Amino acid sequence: MRRCFVCAADMQAPSERHLTFPDGRRRAFPLACGSCGVLLDGPADASRWRAHLSEALARETFVSDGQAPYGLDLYTLRIAATRHGRGVRPLDAEGHAALLHPHAEQAARAELYDLDGSPTRPVSLGLLCRPFELDGVLAGLPAQAGWTDDVAILLDAEAAPPRAVAVPGFAEDGVRVAARPLEGDFAAQRNALQALARHPWMLQLDADESLAPAAGRLLPALAAMAEAGAVRSIGLGRENCVDGVLADVFPDVQYRLNRRDVTYAGRVHERPLLAGGWRESFITLHGAIEHRLSRAHVETRSRRYEALDPGRGRPEEVEALLRPYRG
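What counts, and where the lines are drawn
- Residues numbered from 1 in each chain as written.
- Predicted model: local features only at pLDDT ≥ 70, side-chain atom pairs only at ≥ 80, totals over all residues.
- Heavy atoms only, no water.
- Buried < 20%, exposed > 50% of the residue type's maximum accessible area, 1.4 Å probe, protein only.
- Helix = DSSP H or I, 4+ residues; strand = E, 2+ residues; numbered from the N terminus.
- Pairing = 2+ DSSP bridges.
- Salt bridge = Lys/Arg side-chain N within 4 Å of Asp/Glu carboxyl O.
- Axes fitted to C-alpha atoms, helices over the stretch in contact; angles between N-to-C directions.
- Contact = heavy atoms within 4.5 Å.
- Polar contact = N/O pair within 3.5 Å; in protein donor to acceptor, adjacent residues only side chain to side chain.
- Parallel < 35°, antiparallel > 145°, perpendicular 65-115°, else oblique.
- Nonpolar A, V, L, I, M, F, W, Y, C, P; charged D, E, K, R; others polar.
- Phe/Tyr/Trp six-rings, centres within 6.5 Å; stacked < 30°, edge-to-face > 60°.
- Lys NZ or Arg CZ within 6 Å of the ring centre and 35° of its normal.

## Examining the pairing of strand β8 (residues 86–90)
For β8, the buried fraction is high: four of the five residues fall into the buried class. In this sheet, strand β9 (residues 109–114) lies alongside β8 in antiparallel orientation, the contact comprising five bridges. Residue V88 lies in a different strand from β9, and its bridge partner there is L112.

Dropping the structure here:
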């Protein structure tokens, strides 16, 4: 199995990590996923291990199984639980410390709860688009009114202050459109959009991206869980569909759900700036961003990005984007 049985990333690598289980047993694991951090005894029997983990995640309390052929610390457990729409709460001070300083050696123990119906933090929706894409973006907004009441749209155009736009399902000023020239700097554009958020958190999408409303409805609960664990950025997987075919670049995590004060860096392939690094972020598996691309766009995008920011255009990604997904 090439891909991680927890997060589907193709990032398995040798590991020297250990876990200490509740019974005191300490085990070494020779493999680890470089994305979610799950530890493996060897090549995964994906369906059997996934079923074993799913059963454990359905309970009120998770206690690591010292006999299982895989292991999770609390940071990785938090990621794994989101696939089932569940959150985690540490059981004690040691657990709180493990979340703040991953990856801990203690095997995961935690309270589990359903994200649906749990405490929430309000989340704004931010969208980047060009003027000719605006009508399509506005047409898709009513479906998102179930989880957000604040939408900011930033056009790549001559600078203009926000103006309210009427959209069914939203209050009179619930959807606002502003403009600012992109000028080849994606981080600066995202930062300008971030500043338009009225809520403490914002999810950002591009005009050629979408998120299912059912996935959107869990974002406020995920934001609340993040704040409880001193997290400021949440990554969502992205499905790159090239002419309707899922590409092999998956899960292609995009850190798009961020606290309003988080800023991005990088003219292209921009990422959030976090003082504490990746430890102030985690990945959610409850839903993915769908990214719609054409083959022509894929073939020219990397060259354009490389011209904007030499050395960061990722020309090597073209082949993977044009290759159908391999499980």
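Still to come is the rest of the account.
## A short note on the sheet that holds strand β5 (residues 39–40)
Here we have four strands laid out as an open sheet, ordered β1-β4-β5-β7, and antiparallel in their pairing. What marks the edges here is a single partner per strand, and that holds for β1 (12–14) and β7 (70–71). Of the pairings in the sheet, the one linking β5 to β7 comprises two bridges and is antiparallel in character. What sits directly across from L40, in β7, is Y70.

## As for the pattern of salt bridges
Overall, the coordinates contain 32 salt bridges when judged by the stated rule. Put simply, R17 and D73 hold a salt bridge, and the shortest N to O gap is 3.6 Å. A residue pair is termed long-range when its members are at least 10 positions apart, and R17 in the loop between β1 and β2 (18–20) and D73 in the loop between β7 and α2 (74–82) qualify at 56 residues. Under the relative-accessibility criterion, D73 is labelled buried at 1%. One salt bridge in this structure joins R295 and E299, with 3.0 Å as the shortest N-O distance. Of this pair, R295 and E299 both sit in helix α8 (residues 295–308), four residues apart, roughly one helical turn. The partly exposed category is assigned to R295, whose relative accessible area is 43%. Judged by its relative accessible area of 34%, E299 is partly exposed. Three or more residues are tied together by salt bridges with common partners; here these are R190, D206, E209, R238, D252, R256 and E270.

## As for α2
Counting buried residues along α2, nine of its nine residues qualify, which places the element largely inside the surrounding structure. Among the residues making up α2, those that are buried are L74, Y75, T76, L77, R78, I79, A80, A81 and T82.

## Examining the sheet that holds β8
Read from one edge of the open sheet, three strands run β6-β9-β8, paired in antiparallel fashion. Across the chains shown, the open sheet's two edge strands, defined by having one partner strand only, are β6 (61–63) and β8. The mean angle between the axes of side-by-side strands here comes to 35 degrees, regardless of whether they run parallel or antiparallel. Sheet topology note: the β6/β9 ladder contains three bridges and is antiparallel. Note on β9: the bridge partner recorded for T61 is E111. Together, β6, β8 and β9 form the strand contacts of helix α1 (residues 46–57), whose direction differs from that of β6 by roughly 135 degrees.

## Remarks on the side chain of T284
Position of T284 relative to the elements: it lies in strand β21 (residues 281–293). The class of T284 is buried, set by a relative accessible area of 1%. There is a polar contact of 2.7 Å between the side chain of T284 and the side chain of H286. The contact partners of T284, leaving out residues within four places of it in the chain, are T82, L222, I234, G235, L236 and G237.

## Points about the packing of α2 against helix α3 (residues 93–100)
Interaxial distance between α2 and α3 falls to 8 Å at its minimum, and their mutual angle equals 80 degrees. Taken as axis vectors, α2 and α3 run roughly perpendicular relative to one another. When α2 is examined against α3, the residues L74, Y75 and R78 are found in contact with a partner set consisting of G95, A98 and L99. The residue inventory of the contact of α2 with α3, partitioned by class, reads four nonpolar, one polar and one charged.

## Quick notes on the packing of aromatic side chains
Applying the stated rule across the entire model yields six aromatic pairs. A ring pair is formed by F5 and W49, whose centres lie 5.6 Å apart and whose planes are at 85 degrees; its orientation type is edge-to-face. In this pair, F5 sits in the segment before β1 while W49 sits in helix α1, placing the two residues 44 residues apart along the sequence. Its relative accessible area of 3% is what places F5 among the buried residues. Residue W49 is classed as buried on the basis of its relative accessible area, which comes to 5%. Between W49 and Y70, the aromatic rings sit 6.1 Å apart at their centres with planes inclined by 35 degrees, giving tilted as the arrangement. In this pair, W49 sits in helix α1 while Y70 sits in strand β7, placing the two residues 21 residues apart along the sequence. For the residue pair W49 and Y70, the accessibility class agrees, reading buried in each case. Taken together through their ring pairs, the aromatic side chains of F5, W49 and Y70 make up a single cluster. Directly above the aromatic system of Y113 lies the positively charged group of R89, at a separation of 3.8 Å from the ring centroid.

## What about the side chain of R27?
Within the secondary structure, R27 is located in strand β3 (residues 26–28). Classification of R27 as buried rests on a relative accessible area of 7%. At a separation of 2.9 Å, a polar atom in the side chain of R27 contacts the main-chain carbonyl oxygen of A68. Excluding anything up to four places from it in sequence, R27 contacts R17, H18, L19, F21, D41, D65, G66, Q67, A68 and P69.

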